[in-house]
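Secondary and tertiary structure notes
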Amino acid sequence: MALHLFKKLDPRLASDLKSQRKVISWGLLCVLIAAVLTTSTIELVKRSVSAVQDAAPQSIIGGISPTDPIGIESESKLVGKMAATLSKTPEEVRNAYREAQRDRKNSPDEALSRLTFLCILIVGIYALKYFFARGQNLFLTQAANDLAADLRRRMFQKVQKLPISYFNETRS
């Protein structure tokens, strides 16, 4: 496929690009790896948010945590309000809350450990991505500078070969 691309280009430019093929390939490989690393952080961020939710105390509604000291009267009023709002019976609301508590994946301590690991992993991925972004910059800049230097050298050689009469006859 690369050869088809070069055939469409000016032959001189194609030969210059071919001479820089290795450096350009390394630069594009760095681009690919940096893109994959960026994409991988999406799933890790989703898992981090899930770990934050698992680590946070579960609340019934309105920010009241099961560990909050509320009286039996206020709890029954809260359950009654929730039941009225949801068009459910108070017993269905209590059962749904107990079921949600059982369905929690991990204890808060396990969730915090998982969150810590995920945060360190995300920072590590971004640190690794930094090096590949620097590699991309280094390799592609080197290829561009080498191409420009080759072009300047060829133009200088061409100008040096021209007769002096050319400069007398041609305005610059």
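Note that this is a predicted model, so its numbers are computed, not measured. Every chain begins its residue count from 1, and numbering advances along the sequence as written. Only residues with pLDDT of at least 70 get local features here, since the model is predicted, and only at 80 or more are side-chain atom pairs given and counted; chain-wide, interface and lining totals rely on the full set of residues. No hydrogens and no water enter the side-chain calculation; it runs on all heavy atoms of the structure.

**Topic: the overall build of the chain**
Cut-off, in case you're wondering: The way it works is that DSSP assigns letters per residue, a run of H or I at least four long becomes a helix, a run of E at least two long becomes a strand, and they are numbered from the N terminus. For each residue, the accessible area found with a 1.4 Å probe, counting protein chains only, is set against the maximum for its type, and the residue is called buried under 20%, exposed over 50%, and partly exposed in between. Only heavy atoms matter for contacts: two residues are in contact if any of them lie within 4.5 Å across the pair. For accessible areas, the Shrake-Rupley method is used with a probe of radius 1.4 Å. Any residue's cover is judged against the shown protein chains and nothing else.
Of regular secondary structure, the chain possesses seven helices and zero strands. Counting across all 172 residues of the chain, residues that qualify as buried make up 19%. Of the contacts made within the chain by residues no fewer than 6 positions apart, 70% connect residues no fewer than 24 positions apart. Carbon and sulfur atoms form 63% of the exposed surface of the chain, whose accessible area is close to 13,100 Å².

**Observations regarding the pattern of salt bridges**
Quick reminder of the rule: Think of a salt bridge as a Lys or Arg side-chain nitrogen and an Asp or Glu carboxyl oxygen that are within 4 Å of each other.
Counting across every chain of the model gives three salt bridges. With its nearest N and O atoms 2.9 Å apart, the salt bridge here joins Asp-16 to Arg-154. Residue Asp-16 is located in helix α2 (residues 11-19), and its partner Arg-154 is located in helix α6 (residues 108-161); the two are separated by 138 residues in the primary sequence. Here Arg-47 makes a salt bridge to Glu-43, at a shortest N to O gap of 3.3 Å. Of the two residues, Arg-47 and Glu-43 both sit in helix α3 (residues 21-55), four residues apart, roughly one turn of that helix.

**A word on the packing of aromatic side chains**
Defined as follows: For Phe, Tyr and Trp, rings pair up if their centres lie within 6.5 Å, where Trp contributes its six-membered ring, and each pair is then called stacked (planes under 30 degrees apart), edge-to-face (over 60) or tilted (otherwise).
Overall, the coordinates contain three aromatic pairs when judged by the stated rule. Relative to Phe-131, the ring of Tyr-130 lies with its centre 5.4 Å away and its plane at 75°, an arrangement referred to as edge-to-face. Overall, Tyr-130 belongs to the partly exposed group, its relative accessible area being 47%.

**Points about the packing of α3 against α6**
Quick note on the threshold: Note on geometry: axes are C-alpha line fits, over the in-contact stretch for helices, and angles between N-to-C directions span 0 to 180 degrees. Here the word oblique covers every angle except those under 35 degrees (roughly parallel), over 145 (roughly antiparallel) and from 65 to 115 (roughly perpendicular). By definition, any crossing whose near helix is turned counterclockwise from its far helix by less than a right angle is left-handed, and any crossing with a clockwise turn is right-handed. Amino acid classes used here: Ala, Val, Leu, Ile, Met, Phe, Trp, Tyr, Cys and Pro are nonpolar; Asp, Glu, Lys and Arg are charged; the rest, including Gly, are polar.
Viewed as axis vectors pointing N to C, α3 and α6 meet at an angle of 165°, and their least axial separation amounts to 8 Å. If you check the angle between α3 and α6, you find them roughly antiparallel. The way α3 lies across α6 gives a crossing that is left-handed. Here the contact of α3 with α6 is composed, by residue class, of 28 nonpolar, nine polar and four charged.

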